[in-house]
Amino acid sequence: MKKGFESKSNIKWPQLLISALVFTLLLYLPIFENYTAQGAFAILVLAALLWITEAIPLALTGLLIPFLAVLMHLATPISAFSQFANPILFLFMGGFVLAGALSLHSLDKLIAHKLIGLARGNFYWSAVALMLATALAACWVTNTAATAIMIPLGIGMLVLIKRNTVSAEAKFLMIGIAYSANIGGILTMVSSPPNAIGAAILDLSFGHWLLYSAPLFLLMFPLMIAFITIYFKPDRKLKIDTVIVTNEAIPANTLLIAIFILTGVLWILASLLSPIFTIANTFSSLVAILAIFLIFVTKIMDWSQILASIKWNILLLFGGGLTLGMLIETSGLGSLLVVKVAHLATELPLFVFLWLIVFFSIVMTEFMSNTASAALILPLLYTMAVQLQI
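Residues numbered from 1 in each chain as written. Predicted model: local features only at pLDDT ≥ 70, side-chain atom pairs only at ≥ 80, totals over all residues. Heavy atoms only, no water.

A. Just the side chain of Thr 263, in detail. On the secondary structure map, Thr 263 appears in helix α13 (residues 249-268). Among the residues examined, Thr 263 registers a relative accessible area of 3% and is labelled buried. Looking at Thr 263, its side chain comes within polar contact range of the main-chain oxygen of Ile 259, at 2.7 Å. With sequence-adjacent residues up to four places away left out, Thr 263 is seen in contact with Leu 98, Val 287 and Ala 291. (Helix = DSSP H or I, 4+ residues; strand = E, 2+ residues; numbered from the N terminus. Buried < 20%, exposed > 50% of the residue type's maximum accessible area, 1.4 Å probe, protein only. Polar contact = N/O pair within 3.5 Å; in protein donor to acceptor, adjacent residues only side chain to side chain. Contact = heavy atoms within 4.5 Å.)

B. Structural view of helix α4 (residues 58-71). In this model α4 runs 20 Å from its N-terminal to its C-terminal C-alpha over 14 residues, within 8% of the 20 Å that 1.5 Å per residue would give. Within α4, the full set of buried residues consists of Leu 58, Ala 59, Thr 61, Gly 62, Ile 65, Pro 66, Leu 68 and Ala 69. His 73 lies just past α4 and shows a positive phi near 60°. (Expected span 1.5 Å × (residues − 1).)

C. Inspection of unusual backbone geometry at higher detail. If you check the backbone angles, Glu 54 has positive phi at about 55° while not being a glycine. Residue position: Glu 54 is located in the loop between α3 (35-53) and α4.

D. Spotlight on the nonpolar core. Within the largest apolar cluster, 57 residues are counted, with the highest numbers of intra-cluster contacts made by Phe 123, Met 131, Phe 172, Leu 173, Phe 221 and Ile 295. With eight residues, the single largest contributor to this core is helix α6 (residues 87-104). In contact with Phe 123, other than residues within four places in its own chain, are Met 157, Leu 158, Ile 161, Glu 169, Phe 172, Leu 173, Leu 238 and Ile 240. Judged by nonpolar contacts, the second largest core, of 37 residues, contains Phe 41, Ala 55, Ala 75 and Ile 357. (Core = buried A, V, L, I, M, F, W, Y, C linked by side-chain atoms within 4.5 Å.)

E. Summary view of the packing of α6 against helix α15 (residues 283-297). Their axes nearest at 8 Å, the elements α6 and α15 cross at an angle of 35°. The handedness of the crossing between α6 and α15 comes out as left-handed. Where α6 abuts α15, its residues Pro 87, Ile 88, Phe 90, Leu 91, Met 93, Gly 94, Val 97, Leu 98 and Ala 101 lie against Ser 284, Ser 285, Ala 288, Ile 289, Ile 292 and Ile 295. When grouped by side-chain class, the residues that make up the contact of α6 with α15 number 12 nonpolar, three polar and no charged. (Axes fitted to C-alpha atoms, helices over the stretch in contact; angles between N-to-C directions. Left-handed = near helix turned anticlockwise from the far one by under 90°. Nonpolar A, V, L, I, M, F, W, Y, C, P; charged D, E, K, R; others polar.)

F. Focus on helix α11 (residues 193-202). Listed in full, the buried residues belonging to α11 are Pro 194, Asn 195, Gly 198 and Ala 199. An end-on view of α11 places all buried positions within 130° of arc, on one side of the element. (Arc of directions from axis to C-beta.)

G. The arrangement of the environment of Gly 176 in detail. Considering the arrangement of structural elements, one finds Gly 176 in helix α10 (residues 168-184). Of the residues examined, Gly 176 reaches a relative accessible area of 0% and is grouped as buried. The spacing of Gly 176 and Leu 130 is 46 residues in sequence and 9.0 Å in space, taken between C-alpha atoms. The contacts of Gly 176, once residues within four sequence positions are left out, are Met 131, Lys 171, Met 224 and Ile 228.

So this is what it looks like as structure tokens:
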């Protein structure tokens, strides 16, 4: 993560004042008849402006969202701040602690080194191999879980080549892992809830889904690799030095390997195990908490090291984003926006309308979860498509 994200504390007053002015105007302009939707829209625009301009720290904007929601009576304090205890945040927390443990005991370097060995010491091809592994993992687990598993290995690889700052190689690998998880997530209908929603609406079987998704995956993955290679320009000839392992590291590494494998297996089997334990939707987060507990009781990390390894700024930012998504959904703003976009289907050429839907969906998923966006958009678009026979 770039150092600026952690250290930026200066206030950009012009951007902040402009954002506040736009927010105030949106509260009184007659855009929506529904007051709650109007208020949610104003908060949405304010958050977008503050996040884009970084007028104040990104995490502070995240905290501002529930504050304004309560102040404007769009949500109760409990519901507004409940998203900061969303299970997904604890999944990320476990990933951060796991990454910290791997780094502390140099296990991330060792695993990365094994992967690098397959690429004969070439960083670029090692990174591509890790991206492919991420994509294939995301076929069976959520893209979030796949990323949580692979990011620590990627960080270890960057530490190994001494490029764990904001370098071209760091951007190439970290963004490549994130994109690979998203691309791999389209391959099977069981990898993420949006896929399941779409498959259910269209009544597609597992095999039929693959007929559509496999060509897309085979096209998108190499194109993604080519694009980020051209854009970030990583050193394709960069070689990685040999890792020297001390004997003192072996006992801790053995325990850590066991915890890492156990955590990864439980994440992969989450969809099978959660019904057995009658735990819906939060099983992966419980696994993350279990990993933190095991790391502490086995003395792999002490409590201060665990706390230091957690990226609190990211968790606060994410909590604010989840709160914003909840406001869009509960206020009715999401439904109103979908209806307005769908109305354009009768006024625009089909090709233009399809691109508009793609753009609109991308914008929606920037502020709402993929699952919430799919649940909101897909049923309406399917009904509209049937009625218009398109």
